[in-house]
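The primary structure of each chain is shown beneath.
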Amino acid sequence: MSKKLINDPDNLISELIAGMLSAHPKHLTTQGVTGRAIVARNGPREGKVGIVIGGGSGHEPAFAGYVGQGLADAAPLGNIFASPSPAQIVDAGLAASGGAGVLFLFGNYTGDVMNFAMAEEEMAKHGVTARSFVTTDDVASAPPDQIDERRGIAGNFFVFKVAGAAADQNASLQEVQEAARRANAATRTMGVALSACSMPQTGKANFEIPLGEMEIGMGIHGEPGIARIPAESADAVTDRLMTPILYELGLTAGDRVAVLVNGLGSTTLLELYLLHRRVAEMLSDRRVEIHNSWVGEYCTSLEMGGASVSLMKLDEDLQAWLDHPCDTPALQVGAPRDPLIASAPNIPNPRSQSADKPVSVTPRTELVATGPITPDVFRQMMAASATAIFAARNWLCELDGAIGDGDHGITMEIGWKAALAALDHAPEKATISELSEAIAAAFLDAVGASAGPLYATGFQRAGAAVSDRLNLDSAAMVAWLQGMCHGIKDRGGAAAGDKTMLDAWLPAIDAATSAAAQDATVKTCLAAAAEAASNGARGTTQMQSNRGRSKKLGARSIGHQDPGAASTAILLAAWSEAVRDL
């Protein structure tokens, strides 16, 4: 078990935000109803494109550390290693908006892509044009001909800096997006991990690197890299990291670059300077000029041991944007300057005006009342699944640590805690459809990551499928399950065999549908679904991942059960058990 200086893990992010505000009161404040949008005191202004950068916590100083004049106007903070939710992103977007549009910038991860896309849609409802840009600098995560599938890691630093400078110079939304595209195209990163990080909620390492070994190409969430090899010297490691970067950037004599040697959390500056020494030697041998260097912790992975090297190949524009003044807690370039004009007014968040309105209750007299699954039984089913997820949290994290970032159990725990709270606050006579909608909203607001949008859409569709029902019979129960599955499938875009939660959901739906067609009882339908989901989850062990973070592993993902499929099996088993005595 690792030792961390934390209090209650459930309060970790709120206390992180409080600490950042108390440490940097001249730079930072918060806006919005979620409390998760860190906003520059001297950044947003009328007529300027708003810059919103974001991702999960645990990467400090990224992302909120780069909020300030000349760089980012706001940053929504997600949970540890998890994307911020659409509501949190919208809070940041509205705070950053000065009437010229807002650009969201974030790493290329499934959860971030889904949540920021949903936030774009919500921003449009508020009359604000928002666009998204994903960073893809990680050389190790996909070959050059699949560059759009690469992860965004420490090279975010350069892309954020360029976009922030372009916006600060009053470029249009399209021009700022083009500046970000140029910076991303000119940036490459490669990393190495020497030791694991651990999730604050569990204290357990989310992966293992044996003594005397290292992982080349590991991601900033602890995703396994491309190769595990014996540990090497600083120079040998630098050569490994630099070789693919130099090849892809095509650097030749006379070129200029910016260099970032980034520590992942527990690697000393002494070691990082050794890496930079070798980077400088290799560039000098090629007569490539270093325009500027940054050495230190700029995008971490909790307490992971290791480092990454990023290069950005410069042209006149990129160099000018890189040199443009900025003043943030984690990065200062040039002399501080007075604000160009006063900060943009605080735009009211329309969501806050209805946040506390009670859920509307459909008249029960108009609903079909046949079937044993009453709203009270449905509440018991949901409570049972929450209890089961809480009990399996650490196991789910272990499964995720083998092929992902190690947080799936925590993510599901956060979601189901929020779901239970939503059920507690729902009207006593709320229908199953309304309870499903409440759970959907809870997941979306509390979780972020990929599970937030997936389960939110699933519960929304499930509730809609039984909106004419008070109680559920076998056919209606199966329709509810089908709504869950179809919502998850449509939101995520995965298919059978991709090694995702759908490999448990799809066979579960087939089994339940078949049972219902034979006039089986509700408990028989749910038992069939639970058994099929369990078999499907175990079957993912021999699959190669085609979706999400684990896709980057290729054949290395074989031999590990998909954590999303495993949690699906847990949910269905709990629901089945909850109705066993009906």
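Novice: For this particular structure, what's the right way to read the overall build of the protein chain?
Specialist: In terms of regular secondary structure, the protein chain is built from 17 helices and 15 strands. For 582 residues, the compact-globule estimate of 2.2 N^0.38 gives 25 Å, and the protein chain sits close to it at 24 Å. Considered along the principal axes of its C-alpha atoms, the protein chain spans approximately 80 × 55 × 40 Å. Across the 582 residues of the protein chain, 57% fall into the buried class. Intrachain contacts of the protein chain at a sequence separation of at least 6 include 75% that bridge at least 24 residues. Of the roughly 21,800 Å² of accessible surface on the protein chain, 52% is carried by carbon and sulfur atoms. Separation of charge centres in the protein chain, based on 45 positive and 64 negative side chains, amounts to 1 Å.

Novice: Mind showing me how you'd approach the pattern of salt bridges here?
Specialist: Opposite charge on two side chains makes pairing possible when the charged atoms of those side chains draw close. This model, assessed by the stated rule, comprises 22 salt bridges. For the salt bridge of E232 with R240, the shortest nitrogen-to-oxygen distance reads 2.8 Å. Notably, a salt bridge pairs R278 with E281, separated by 3.1 Å at the nearest N-O pair. Note that R278 and E281 are positioned in helix α7 (residues 269-285) at a spacing of 3 residues, about one turn of the helix. A relative accessible area of 30% places E281 in the partly exposed class. Several salt bridges share partner residues, and in doing so they unite D235, D239, R277, R278 and E281 into one network.

Novice: Help me out: how do you make sense of the packing of helix α5 (residues 173-185) against helix α8 (residues 316-323) in this one?
Specialist: Relative orientation and spacing of two packed helices are given, respectively, by the angle between their axes and the distance between those axes. Between α5 and α8, the least distance of the axes is 11 Å, while the angle of their chain directions is 105 degrees. Here α5 is positioned roughly perpendicular relative to α8, judged by the angle of their axes. Every residue of α8 that contacts α5 at A179, R182 and A183 is listed here: D317, L318 and W321. In terms of residue class, the contact of α5 with α8 is made up of 4 nonpolar, no polar and 2 charged.

Novice: Would you take a moment to explain the layout of surface pockets for this structure?
Specialist: Summary: where empty space remains is shown by rolling a probe the size of a single water molecule over the atoms. Roughly 980 Å³ of volume is contained in the second largest pocket. If you go around the second largest pocket, you meet 43 residues; those closest to its centre are T110, S450, R547, G548 and R549. For the lining of the second largest pocket, the elements supplying multiple residues, two or more each, are α3 (110-125), α10 (393-403), α11 (408-425), α13 (451-465), α14 (474-492) and α17 (563-578). Looking at the lining of the second largest pocket, the element that brings in the most residues is α3, giving 5 residues. For the lining of the second largest pocket, the per-class residue count stands at 14 nonpolar, 15 polar and 14 charged.

Novice: Is there a simple way to think about the pairing of strand β2 (residues 37-40) in this case?
Specialist: For a regular strand, side chains alternate in direction, first toward one face of the sheet and then toward the other. Of the two faces of β2, the one holding A37 and V39 and the one holding I38 and A40 are both buried throughout. Examined bridge by bridge, strand β1 (residues 28-31) and β2 share 4 bridges and lie antiparallel to one another. Bridging from a neighbouring strand, T29 pairs with V39 of β2. Sheet topology places β2 next to strand β5 (residues 74-80); 3 bridges connect them, and they run antiparallel. By the bridge assignment for β5, I38 is matched with A75.

Novice: Any chance you could explain the sheet that holds strand β12 (residues 289-296) here in plain terms?
Specialist: Sheet strands line up and pair through hydrogen bonds in the backbone, either parallel or antiparallel. On the basis of which strands lie adjacent, the open sheet formed by 6 strands has the order β10-β9-β8-β13-β11-β12 and mixed pairing. Here the strands that pair on one side only, and so sit at the sheet edges, are β10 (227-230) and β12. Across the sheet, the mean angle separating the axes of adjacent strands is 20 degrees when strand polarity is ignored. Of the strand pairs in this sheet, strand β8 (residues 187-195) and strand β9 (residues 213-216) are connected by 2 bridges, and their pairing is antiparallel. Along β9, the bridge assignment pairs V192 with I216. The strands touched by α7 within the sheet are β11 (256-263), β12 and β13 (305-313), with β12 carrying the most contacts at an inclination of about 165 degrees.

Novice: Got a minute to help me understand helix α12 (residues 432-446) in this structure?
Specialist: What sets the pattern is the α-helix's 3.6 residues per turn: residues three or four places apart point alike. In this model, α12 (15 residues) spans 21 Å end to end at C-alpha, consistent with the 21 Å of a helix rising 1.5 Å per residue. Counting buried residues in α12 gives 11 out of 15 residues, a clear majority hidden from the surface. Those residues of α12 that fall on the buried side of the exposure criterion are I432, S433, E434, L435, S436, A438, I439, A440, A442, F443 and L444. Those residues of α12 that are buried are in contact with α2 (86-96), α3, α9 (375-391), α11, α13 and α14.

Novice: Just checking my understanding: could you explain the confidence of the model for the protein chain for this structure?
Specialist: Low-confidence regions, as indicated by low pLDDT, have predicted coordinates that should not be scrutinised in detail. Confidence along the protein chain averages 92 in pLDDT terms, with 95% of residues attaining 70 or more. For the stretch residues 340-360, pLDDT sits under 50, and the model shows 37 contacts to residues farther than four places along the chain or on other chains.

Novice: Looking at this model, I keep getting lost on the packing of aromatic side chains. Mind explaining?
Specialist: The description of two aromatic rings rests on the distance between their centres and on the angle between their planes. All told, the structure shown has 17 aromatic pairs when counted by the stated rule. With centroids separated by 5.5 Å and ring planes inclined at 80 degrees, the aromatic side chains of F378 and W480 adopt a geometry described as edge-to-face. Within this pair, whereas F378 is found in helix α9, its partner W480 is found in helix α14, the two being separated by 102 residues in sequence. Note on F378: relative accessible area 0%, which makes it buried. With a centroid separation of 6.4 Å and 40 degrees between ring planes, the pair formed by Y455 and F459 is classed as tilted. With Y455 and F459 both in helix α13 and 4 residues apart, the pair spans about one turn of that helix. An aromatic cluster of three or more residues is present, and its members are F378, W416, F443, Y455, F459, W480, W505 and W575.

Novice: Please explain the packing of helix α4 (residues 156-168) against α8 as it appears in this structure.
Specialist: Following both chains from N to C, one finds α4 and α8 inclined at 85 degrees, their axes separated by 8 Å at the closest point. The angle between the axes of α4 and α8 places the two elements in the roughly perpendicular class. Note on element contacts: α8 touches α4 through L318, W321 and L322, opposite F158, K161, V162, A165 and A166. Along the lines of polarity and charge, the residues of the contact of α4 with α8 split into 7 nonpolar, no polar and 1 charged.

Novice: What is the right way to look at empty space enclosed by the protein in this model?
Specialist: All chains considered together, the criterion is met by 6 cavities of 30 Å³ or more. Within this model, the second largest cavity holds a volume of roughly 80 Å³. Lining the second largest cavity we find 15 residues, and of these G55, F63, Y109, D112 and H221 sit closest to its centre. Residues of the lining of the second largest cavity, tallied by class, amount to 5 nonpolar, 8 polar and 2 charged.

Definitions and cut-offs
- Residues numbered from 1 in each chain as written.
- Predicted model: local features only at pLDDT ≥ 70, side-chain atom pairs only at ≥ 80, totals over all residues.
- Heavy atoms only, no water.
- Helix = DSSP H or I, 4+ residues; strand = E, 2+ residues; numbered from the N terminus.
- Rg over C-alpha atoms; globule rule 2.2 N^0.38 Å.
- Buried < 20%, exposed > 50% of the residue type's maximum accessible area, 1.4 Å probe, protein only.
- Contact = heavy atoms within 4.5 Å.
- Areas by Shrake-Rupley, 256 points an atom, 1.4 Å probe, with all protein chains shown as cover.
- Lys, Arg positive; Asp, Glu negative; His and termini not counted.
- Charge placed at Lys NZ, Arg CZ, Asp CG, Glu CD.
- Salt bridge = Lys/Arg side-chain N within 4 Å of Asp/Glu carboxyl O.
- Axes fitted to C-alpha atoms, helices over the stretch in contact; angles between N-to-C directions.
- Parallel < 35°, antiparallel > 145°, perpendicular 65-115°, else oblique.
- Nonpolar A, V, L, I, M, F, W, Y, C, P; charged D, E, K, R; others polar.
- 1 Å grid on protein atoms, 1.4 Å probe; cavity = no way out; pocket = protein on both sides within 12 Å on 5 of 7 lines; lining within 4 Å.
- Points joined across faces, edges and corners; volume = space filled by probe spheres on them.
- Pairing = 2+ DSSP bridges.
- Expected span 1.5 Å × (residues − 1).
- pLDDT = per-residue confidence, 0-100.
- Phe/Tyr/Trp six-rings, centres within 6.5 Å; stacked < 30°, edge-to-face > 60°.

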